[in-house]
Number of protein chains: 4
Amino acid sequence: MARGLNKVMLIGHLGNDPERRETASGQTVVNFTLATSEGFKDSSGNFQERTEWHRIVVWGKLADICSQYLKKGRQVYIEGRLQTRSWDDSKTGEKKYTTEIVCSDMQMLGSGRDSGGGMGDSSYPQERQQYSRPSRPAEPPAGNYGERPSSGGAQEFEKDDLPF
Amino acid sequence: MARGLNKVMLIGHLGNDPERRETASGQTVVNFTLATSEGFKDSSGNFQERTEWHRIVVWGKLADICSQYLKKGRQVYIEGRLQTRSWDDSKTGEKKYTTEIVCSDMQMLGSGRDSGGGMGDSSYPQERQQYSRPSRPAEPPAGNYGERPSSGGAQEFEKDDLPF
Amino acid sequence: MARGLNKVMLIGHLGNDPERRETASGQTVVNFTLATSEGFKDSSGNFQERTEWHRIVVWGKLADICSQYLKKGRQVYIEGRLQTRSWDDSKTGEKKYTTEIVCSDMQMLGSGRDSGGGMGDSSYPQERQQYSRPSRPAEPPAGNYGERPSSGGAQEFEKDDLPF
Amino acid sequence: MARGLNKVMLIGHLGNDPERRETASGQTVVNFTLATSEGFKDSSGNFQERTEWHRIVVWGKLADICSQYLKKGRQVYIEGRLQTRSWDDSKTGEKKYTTEIVCSDMQMLGSGRDSGGGMGDSSYPQERQQYSRPSRPAEPPAGNYGERPSSGGAQEFEKDDLPF
DNA sequence: TTTT
DNA sequence: TTTT
């Protein structure tokens, strides 16, 4: 069945610099860990902090961007899907599992000055916002794009006087 | 700056059959309204239901799918971004605003039998899941896809014994 | 029907300092606008930036936190639900609509140094992370619930003639 | 710091009836697996289906609702946060990890007739929509909080050797 | 292993 | 009206 949703959205800090590899077929893969922290009141009513660590995997063009601009400590927004892989442990012969977030969108947060490992901080890509895979923008049709009086859809709609 | 997130996720029922139009440039546009309901306790502690209506706009290939398979009453998951358009009311000369959800992903929910207005209910596309724009899947590299022992990433990862 | 989802997730910058009010029943309400920006390629293949403006409404304890710690220019993550209110324009007698995000969770992004309007930047609450409301519904204040002409917030807002 | 986001949103079908337990401190815990499916084009351009399995954990009042109304095969929307627990495998002495979604919101999808395993299908709670927990943190039960060897759920789970 |  |  094709109806489903598998979405993860995280805001956190990188626990390490992204590790870049290339597959045999020439695709770029990048891995890093991400810490998400949240506070909560424990049973005594005291504030505590709980940190959760996530394994992030990024493929393709977005992997290249992550590899270039992300550093340990950087705060990012990550969107992706959950994926659990299994493999046979060569030592024990046991089946093992690991769950990762396959990243499909990434946004750097804060200003470049937060960058963490940063220094010669040329922290931003020249062509901004190409951070996401061929995905989200849901671009309106090219033809009448320039004609629209505001940020919205096609001109036809603007005849209407009432929203509904 | 290009760092931002503008995401809407809705689960609700269509208030009307999708209305399909074509722009001058030949792009398909589809509009429909979606009702999302939620319950809440009022100040007297009684359960009440609150229904919110949303204007949905869909472009391109996904619009064609919506036009073909969605009907009034159908339960769907909608993902998109918020967009507020303005126009000048020809009668009063006032500036008016309307906020819409520009849909980038759609999933039909429930079985076809829930369809609502349905009848000759051949409710599903033959090629399922092409419901989303060229987006989410974050497809692993083609080259070694068939080699993977499980649902996961590239083979390199499976040498690892520990998740982190 | 009670099954539904109405969720908005935004990352952007405040367009103005939060405006704090109190309802007749003593509930705190805060309003601000949020700009979310995204890049896209126009029909000529050039990168463009599109900014969308959102009206944010926050109630209760979370409103107090927003009022205290957020400033114009601050980058934040906002989670909430969409709500369209209507009112009768006292001048023209027309029915008008405005769509807002009723905020149920807020996270300040970047370090305090990004704050924007900041100065004597004591940017963080002592008791962190109590940023989220007790629950999803983001219930409007009890006192004037029955009085509201539409599905929206408190009556005070309905004096306004323009969405922003 | 407490600023972070750790959110998972799934739409899928239950792989088994929910398993209900009670902790020593009297809190209800429910576990089930959820399958999310998505289609994609493989490297030959053919449509394939990929199913991902997720472990869901639910606490408290929402656990009771899940236990009562959900059945194997039922389609649901699940919202929660990712949590990776570790434990020492008693047989091999190795450290093992499992990642779960701690559920904070649940919506039943489709009509009751979709229920799957259902039969005497009085599928809906009388007081609808009280499906969400009081708040985001999805706090584990207070009573045994200090006893947990890792960041995870109740001790009972750690007897298991396999994630599923 | 991150961050405040 | 924000931000880079």
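Residues numbered from 1 in each chain as written. Chains lettered and ligands numbered in written order. Predicted model: local features only at pLDDT ≥ 70, side-chain atom pairs only at ≥ 80, totals over all residues. Heavy atoms only, no water.

1. A word on the overall build of chain A
Moving on, step 1. Of regular secondary structure, chain A possesses 1 helix and 6 strands.
Moving on, step 2. When the helices and strands of chain A are placed in sequence order, the string is β-β-β-β-α-β-β.
Moving on, step 3. Residues classed as buried in chain A amount to 60% of the 164 residues present.
Moving on, step 4. Taking the contacts inside chain A whose residues are at least 6 apart along the sequence as the reference set, 58% of them involve residues at least 24 apart.
Moving on, step 5. Accessible surface computed for chain A: about 6,500 Å², of which carbon and sulfur atoms make up 47%. (Helix = DSSP H or I, 4+ residues; strand = E, 2+ residues; numbered from the N terminus. Buried < 20%, exposed > 50% of the residue type's maximum accessible area, 1.4 Å probe, protein only. Contact = heavy atoms within 4.5 Å. Areas by Shrake-Rupley, 256 points an atom, 1.4 Å probe, with all protein chains shown as cover.)

2. A look at the relation of the copies chain B and chain C
Moving on, step 1. If you rotate chain B by 180 degrees and push it 0.1 Å along the axis, it lands on chain C with an RMSD of 0.1 Å. This pairing of chains is accounted for by a two-fold axis. Scanning chain B for the C-alpha nearest the rotation axis identifies Val8 of chain B, at a separation of 2.2 Å.
Moving on, step 2. In this assembly the copies share their binding face: 88% of the residues contributing to the interface of chain B also contribute to that of chain C. (Least-squares fit on C-alpha atoms with pLDDT ≥ 70 in both.)

3. Let's talk about the interface of chain B and chain C
Moving on, step 1. Taken together, the contact pairs 34 residues of chain B with 39 residues of chain C.
Moving on, step 2. In this assembly, chain B packs against chain C so that about 3,200 Å² is buried in total across both faces, 48% of it on carbon and sulfur atoms.
Moving on, step 3. For chain B, the biggest contributors to the area lost against chain C are Leu5, Arg50 and Glu52 of chain B; these three give 17% of the whole.
Moving on, step 4. Where chain B packs against chain C, one counts 4 salt bridges.
Moving on, step 5. Note that Glu38 of chain C and Arg81 of chain B form a salt bridge whose closest N and O atoms lie 3.6 Å from each other.
Moving on, step 6. Where chain B meets chain C, there are 8 residue pairs in polar contact (both at pLDDT 80 or more).
Moving on, step 7. Those elements giving two or more residues to the side of chain B that touches chain C turn out to be strand E1 (5-14), strand E3 (28-41), strand E4 (47-59), strand E5 (75-88) and strand E6 (95-108) of chain B.
Moving on, step 8. Per element, the largest residue contribution to the side of chain B that touches chain C is 8 residues, and it comes from E1 of chain B.
Moving on, step 9. Here the side of chain B that touches chain C is built from residues that sort into 12 nonpolar, 11 polar and 11 charged.
Moving on, step 10. Sheet analysis places E1 of chain B next to strand E1 (residues 5-14) of chain C, joined by 7 bridges and oriented antiparallel. Bridge assignment links Ile11 of chain B to a residue of E1 of chain C, and that residue is Leu5 of chain C. (Buried area = accessible area lost by both parts, 1.4 Å probe. Salt bridge = Lys/Arg side-chain N within 4 Å of Asp/Glu carboxyl O. Polar contact = N/O pair within 3.5 Å; in protein donor to acceptor, adjacent residues only side chain to side chain. Nonpolar A, V, L, I, M, F, W, Y, C, P; charged D, E, K, R; others polar. Pairing = 2+ DSSP bridges.)

4. Section: the state of the cysteines
Residue and element names in this part refer to chain A.
Moving on, step 1. With the rule as written, the count across this model stands at 0 disulfides over all chains.
Moving on, step 2. Take Cys103: it sits in no disulfide, and the sulfur closest to it among the cysteines is that of Cys66, at 5.4 Å.
Moving on, step 3. Residue Cys103 is classed as buried on the basis of its relative accessible area, which comes to 1%. (Disulfide = S-S within 2.5 Å.)

5. Overview of helix H1 (residues 60-69) of chain A
Moving on, step 1. Restricting attention to buried positions, one finds in H1 of chain A the residues Gly60, Leu62, Ala63, Ile65, Cys66 and Tyr69 of chain A.
Moving on, step 2. For H1 of chain A, the elements touching its buried residues are strand E3 (28-41), strand E4 (47-59) and strand E6 (95-108) of chain A.

6. Details of the environment of Leu62 of chain C
Moving on, step 1. With respect to the helices, strands and loops of the structure, Leu62 of chain C is situated in helix H1 (residues 60-69).
Moving on, step 2. Separated by 12 residues in sequence, Leu62 of chain C and Arg74 of chain C have C-alpha atoms that sit 16 Å apart.

7. Topic: the pattern of salt bridges
Moving on, step 1. Counted by the stated rule, this structure contains 40 salt bridges over all chains.
Moving on, step 2. Salt-bridge contacts for Glu94 of chain D lead to Lys96 of chain A; the nearest nitrogen and oxygen are separated by 2.8 Å. One end of the pair, Glu94 of chain D, is in the loop between strand E5 (75-88) and strand E6 (95-108); the other, Lys96 of chain A, is in strand E6, on a second chain.
Moving on, step 3. The class for Lys96 of chain A is buried, based on a relative accessible area of 7%.
Moving on, step 4. As a salt-bridge pair, Arg50 of chain B and Glu38 of chain B come within 3.2 Å of each other at their nearest N and O atoms.

8. Quick notes on the environment of Thr98 of chain C
Moving on, step 1. With respect to the helices and strands, the residue Thr98 of chain C is situated in strand E6 (residues 95-108).
Moving on, step 2. Sequence separation between Thr98 of chain C and Ser86 of chain C is 12 residues, and the spatial gap between their C-alpha atoms is 6.4 Å.

9. Describing the pairing of E4 of chain A
Residues and elements named next belong to chain A.
Moving on, step 1. Sheet topology places E3 next to E4; 13 bridges connect them, and they run antiparallel. The residue of E4 that forms the bridge with Phe32 is Ile56.
Moving on, step 2. Adjacent in sequence and paired antiparallel, E3 and E4 are bridged by 5 residues, among which Gly45 carries a positive phi angle near 85 degrees.
Moving on, step 3. In this structure, E4 lies alongside E6, joined through 3 bridges in parallel fashion. Bridge assignment links Val58 to a residue of E6, and that residue is Cys103.

10. What about the packing of aromatic side chains?
Moving on, step 1. All told, the structure shown has 0 aromatic pairs over all chains when counted by the stated rule.
Moving on, step 2. Geometry around Phe40 of chain B places Arg50 of chain B over its ring, the cationic atom sitting 4.3 Å from the centre. (Phe/Tyr/Trp six-rings, centres within 6.5 Å; stacked < 30°, edge-to-face > 60°. Lys NZ or Arg CZ within 6 Å of the ring centre and 35° of its normal.)

11. Structural notes on the confidence of the model for chain A
Residues and elements named next belong to chain A.
Moving on, step 1. Per-residue confidence for chain A gives a mean pLDDT of 75, with 66% of residues at or over 70.
Moving on, step 2. Ranking the helices and strands of chain A by mean pLDDT puts strand E1 (residues 5-14) first, with 98, and E3 last, with 94.
Moving on, step 3. Every residue in residues 114-164 scores below 50 in pLDDT, and together they form 149 contacts with partners more than four places removed in sequence or on other chains. (pLDDT = per-residue confidence, 0-100.)

12. A word on the pairing of E1 of chain C
Residue and element names in this part refer to chain C.
Moving on, step 1. The buried fraction of E1 amounts to 9 of the 10 residues, a majority that puts the element mostly inside the structure.
Moving on, step 2. Note: E1 against strand E5 (residues 75-88), 6 bridges, orientation antiparallel. Bridge assignment links Gly12 to a residue of E5, and that residue is Val76.

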